[in-house]
Each structure stands twice: as structure tokens, then as C-alpha cells.
Amino acid sequence: MAAAVVLVTGGTGLLGKAIQYIIETEPVGSKYGKLPNETWIFASSSEGDLRDPEQTNKLYEKYKPTHVIHLAALVGGLFRNMKYKLTFLRDNILINDNVLHASYTHKTTKLISCLSTCVYPDKAEYPLDENKIHGGPPHESNFGYSHAKRLVDVQNHAYREEFGCNFTSAIPPSIFGPHDNYVLEDAHVIPALVHRCYLAKKNGTSFIVGGTGKPLRQFIFSRDLAKLFIWMLREYDDVEPIILSVGEEEEVSIKEIADAIVKAVGFEGHYSFDTNKADGQFRKPASNKKLLDHIGSFQFTPFEQALDISVKWFIENYDTARTGNKKA
Ligand SMILES: NC(=O)c1ccc[n+]([C@@H]2O[C@H](COP(=O)([O-])OP(=O)(O)OC[C@H]3O[C@@H](n4cnc5c(N)ncnc54)[C@H](OP(=O)(O)O)[C@@H]3O)[C@@H](O)[C@H]2O)c1
């Protein structure tokens, strides 16, 4: 097989770091390890701002990737998504358009882009599946991010039909793991609770979780998702997107998450739920049937074990983690 150069855009983020971890720790030549003829590049925004076509081209000229896993995106929690809708729409449209077009002009053999289950219609029949992405408007809180991401699927089909490009996309649910974004005002639920529980322990204060704790959510451990991306890179060549998720039966409640965090952090103080805070939708599960039909079977890391690894990483790396604190 000819030498391959795999470029991971957004290679310094939560998922990019997990792919790097798997590629560097699984045995060379194994199912998820680096192949002997492969070079992997994990690009950060400092190597090129992908909103800019010239910088994107330069990155492609420098590395000449044969394969691209496109993760770079403006990603944020609810608050930032609500406040900066145009920025989320525009930055992500620009990043995606530049990466897709550079992949076409540089004759990249294969491109996998990353969507998200949160770009689905607000009103959908559950479980979500791969056919329901464009079936109605997204939730108004994140319509900028959602429309930009949905457009990637449209572009993939157009590039394939007009130019025969091997472009496709993956749809993960919420991701968690080492190297997450722990900035309190902007983080997703797991890193936000981990950070708050850690501070409650450190400062001897209460650990209060917003809502009743009853809503159910699907989460995927970043290192499991990393393996699924590597599998996709090697085995999945259809333009249609594929949901990369744990099964519906693996949903966890916010209370189960908070309990596991309390245990992993070793927090022994006062812990309660603020039922005055809104719960949001009770559940919005996605089906991983298509994934299992294609991959056969996959061993997901048990939730508590994955959370424990993530919390330990956060505690050990608190000074350098993305917490929003000014570093010394
Ligand atoms: N986190 C989740 O729960 C979740 C769930 C579903 C789907 N996703 C999707 O998964 C992918 C990875 O998410 P993540 O959570 O790993 O994100 P993340 O931790 O926020 O990392 C984002 C990455 O994108 C890069 N980036 C941002 N703007 C860029 C720009 N203008 N030019 C070049 N690079 C840029 C960042 O580079 P620097 O750090 O160097 O600036 C970083 O490497 C995204 O496409 C996201 O939409 C995430």
C-alpha cells in the first residue's frame, strides 16, 4: 500500500488528542494502531487558521495529506452558542468550506468530517438516525452551529456527485475525556460538573447540580470515539453519515453522572440538586444500529471507568488544562 499522510484538523482539541493517544499507544499495525506506511499530523489553529482559504491551502501544501479527519470547529456550550449565533454559523461554514475545497483541489483520497447529534431537528421522532438530520429546524439556541454542520453533509453529496470525491461524515453524541474544555461558563455538562465538583472539594463548598438530575443523555468516551474514527478511515467509504455512539440502552442520567463525578473526585461535602433550574428535554437518544451493522461489534469503555480516567486526567493536569484560569 502507498504511503499515507493522515491530517487531523482540530488535532489539539478533545477528540483530536484522543485520536493521537490511540494512534500512539495501540501497537503499530494493529486494528487501531498506526500502520507502518502512515504519517499522522495533528494540526492546531496556530498552524493555520482554517477560516482563511490561503492558510488552509498552505497547510495542505505543507503536508500533502492523502487522508483528512476534519475535526476543527468553533465548538461551545449553550451560553456561547446562544450569544454568538452568527459567529458559530460563519466561522464553521468558512472552516468547513475551506477544508472540503482544499481536499478536493489537493486530490485527497478520503475526507471524514465531524457533525454532532445536537445539529438534529428540535422536533424529531426518537431515536435519531442518519436519515433525520435535515428533517426540520434545529433548536433555536444553536441554529448557527447546526446549519453550518448540516451543510457539510450537503457539500459531501455535491462533491461526490460532481467530482467523485470520497467525502463522508460522522455523527457523535456528546463527547468527554482528557483534554476537554473545562471553562465554567462555556463547558459541556460533564467537564463543567467535574470542574465544579473539584472546586467544591478544594474550597470546602457545596456541590450543587442544576435541575432534578433525571434527564437522560448519551455520551461517548473520546478514546472510544477515536477508535471508531480510525475504523471509519479504514473501512467506511459511503457518503452517507454514520452515527458513532453508544447504544440507546447506555443513556445515563445527570444524577448518575454527578454521582460518578463525586466518587471519582473523592468529594465528601454537601451535594444536592437545584430543582429550580430547568431540566431541558428528558431524553433525545440516537440509534447506533447502523454502526453496529457495519462494524459488527465494539467494546465501549464502561461509563464509570471512562469518567474515572477523565477526572484523574483533569486533577493531574489542572494547572495546564483548559479551565479559563490564567496560567502562571
Ligand atoms: N465536544 C463535544 O461534545 C462534541 C460533540 C459532538 C461533536 N463534536 C465535534 O467534534 C469535533 C471536535 O470537537 P472537540 O470537542 O474536540 O473540539 P475542541 O476541543 O473545542 O477543539 C477544537 C479544535 O478545533 C481547532 N480550531 C478551532 N478553530 C479553528 C480555526 N479557525 N482554524 C483551525 N483550527 C481551529 C482548535 O485548535 P486550537 O485549539 O489550536 O485553537 C482545536 O484543535 C468538532 O467538529 C465538534 O463539532 C464535539
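Calculation criteria
- Residues numbered from 1 in each chain as written.
- Predicted model: local features only at pLDDT ≥ 70, side-chain atom pairs only at ≥ 80, totals over all residues.
- Helix = DSSP H or I, 4+ residues; strand = E, 2+ residues; numbered from the N terminus.
- Axes fitted to C-alpha atoms, helices over the stretch in contact; angles between N-to-C directions.
- Parallel < 35°, antiparallel > 145°, perpendicular 65-115°, else oblique.
- Left-handed = near helix turned anticlockwise from the far one by under 90°.
- Contact = placed C-beta atoms within 7 Å.
- Pairing = 2+ DSSP bridges.
- Near = placed C-beta within 6 Å.
- Core = buried A, V, L, I, M, F, W, Y, C linked by C-beta atoms within 7 Å.
- Buried ≥ 20, exposed ≤ 12 C-beta atoms within 10 Å, placed from the backbone.
- Arc of directions from axis to C-beta.

Student: What's the story with the overall build of the chain in this structure? I'm lost.
Tutor: Secondary structure assignment for the chain yields 10 helices and 12 strands. If one aligns the C-alpha atoms of the chain with their principal axes, the spans along those axes are about 60 × 40 × 40 Å.

Student: What's the story with the packing of helix H6 (residues 189-203) against helix H8 (residues 254-265) in this structure? I'm lost.
Tutor: Any two packed helices are characterised by how steeply their axes cross, that is the angle between the axes, and by the distance between the axes. At a minimum axis distance of 10 Å, the contact between H6 and H8 shows a crossing angle of 45°. Considering the angle they form, H6 stands oblique to H8. The handedness of the crossing between H6 and H8 comes out as right-handed. Contact with H6, carried on its side by Ile190, Leu193, Val194, Cys197, Tyr198 and Lys201, involves Ile257, Ala258, Ile261, Val262 and Val265 of H8 and no other residues of that element.

Student: Help me understand the sheet that holds strand S2 (residues 38-42), please; the structure alone is not making it clear to me.
Tutor: Remark on secondary structure: sheet strands pair via backbone hydrogen bonds, oriented parallel or antiparallel. Here six strands make up an open sheet; going across it, the order is S2-S1-S3-S4-S5-S10 and the pairing parallel. Each having just a single partner strand, S2 and strand S10 (242-243) make up the two edges of the open sheet. Of the strands in this sheet, strand S4 (110-114) and strand S5 (167-171) are in contact with helix H5 (residues 143-163), which crosses S5 at around 155°.

Student: Explanation requested: the site of the ligand in the structure shown.
Tutor: Looking at the ligand, there are 26 residues lining it, with Gly10, Gly13, Ser44, Ser45 and Ser116 nearest. Only helix H1 (14-25) and strand S6 (174-176) provide two or more residues apiece to the shell around the ligand. A total of three residues in the shell around the ligand trace back to one element, the largest contributor, which is H1.

Student: For this particular structure, what's the right way to read the nonpolar core?
Tutor: Nonpolar side chains tend to gather and get buried jointly when the protein is soluble and globular. Ranked by internal contacts, the top residues of the largest apolar core, which has 82 residues, are Leu193, Leu225, Phe229 and Ile261. Setting aside its immediate chain neighbours within four residues, leucine 225 contacts Leu15, Ala18, Pro172, Ile175, Ile220 and Leu244.

Student: Would you mind going over helix H2 (residues 53-63) with me for this structure?
Tutor: Turn by turn, an α-helix covers 3.6 residues, leaving residues three or four places apart pointing in a common direction. Listed in full, the buried residues belonging to H2 are Thr56, Leu59 and Tyr60. Seen from one end, H2 has its buried residues packed into an arc of 95°, which puts them on one side. Among the exposed residues of H2, those pointing more than 90 degrees away from its buried face are Glu54 and Glu61. Among the structural elements, helix H4 (85-105) are those in contact with the buried residues of H2. One or two residues past the end of H2 sits lysine 64, with phi positive at roughly 45°.

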